[in-house]
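Single-letter residue listing:
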Amino acid sequence: QVQLVESGGGLVQAGDSLRLSCAASVRAFGSRAMAWFRQTPGKEREFVAAISWTGASPSYADSVKGRFTISRDNAKNTVALQMNSLKPEDTAVYYCAADRLGASGSSTPGSYQYWGQGTQVTVSS
């Protein structure tokens, strides 16, 4: 059974930091690009960050660039999202996603094969 489990969410104040993690039980983790998306009620799922299977060349949404950092540890089958200088508009459910084998990691949710259940991040003002 494929399973992606996010953790690390919580309630913080603006300006604080959080580190999300995703533990992935998926075949060929080291050959899959990984990504983080987020979603709030009434909105489309929004791309946050993606990282290639090598860990090189991470990409970020403009809204989080300079504040968030995505990383992965292929030996542990984990991907993390370090979130600094959090803003109230960062409040969302954050989802970990695994791309299809051989895919490069896009910003489109439909490109991803597997998804976690999400972890809530709430940033108060």
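The structure presented is a predicted model; accordingly, all values stated were derived computationally and were not measured.

A. Main features of the overall build of the protein chain. Check the secondary structure of the protein chain and you find zero helices and eleven strands. Listed by position from the N terminus, the elements making up the protein chain come as β-β-β-β-β-β-β-β-β-β-β. For a compact globule of 125 residues, the expected C-alpha radius of gyration is about 14 Å, and the protein chain comes in at 13 Å, within 12% of that figure. Principal-axis analysis of the C-alpha atoms gives the protein chain an extent of 40 × 25 × 25 Å. Across the 125 residues in the protein chain, those meeting the buried criterion constitute 39%. Within the protein chain, counting contacts between residues at least 6 apart in sequence, those at least 24 apart form 59% of the total. When the accessible surface of the protein chain is totalled, it reaches about 6,200 Å², and 47% of it is carbon and sulfur. Positive and negative side-chain charges in the protein chain, numbering 12 and 9 respectively, have mean positions lying 6 Å apart.

B. Fine view of the sheet that holds strand 3 (residues 18-25). Pairing is antiparallel across the open sheet formed by four strands, whose spatial order is 1-3-8-7. Each edge of the open sheet is held by one strand with a lone partner, namely strand 1 (3-7) and strand 7 (68-73). Averaged over neighbouring strand pairs, the angle between their axes works out to 15 degrees when direction is ignored. Pairing of strand 3 with strand 8 (residues 78-83), which is carried by six bridges, proceeds in the antiparallel orientation. In the strand pairing of strand 8, Leu18 is matched with Met83.

Procedures and definitions
Residues numbered from 1 in each chain as written. Predicted model: local features only at pLDDT ≥ 70, side-chain atom pairs only at ≥ 80, totals over all residues. Heavy atoms only, no water. Helix = DSSP H or I, 4+ residues; strand = E, 2+ residues; numbered from the N terminus. Rg over C-alpha atoms; globule rule 2.2 N^0.38 Å. Buried < 20%, exposed > 50% of the residue type's maximum accessible area, 1.4 Å probe, protein only. Contact = heavy atoms within 4.5 Å. Areas by Shrake-Rupley, 256 points an atom, 1.4 Å probe, with all protein chains shown as cover. Lys, Arg positive; Asp, Glu negative; His and termini not counted. Charge placed at Lys NZ, Arg CZ, Asp CG, Glu CD. Pairing = 2+ DSSP bridges. Axes fitted to C-alpha atoms, helices over the stretch in contact; angles between N-to-C directions.

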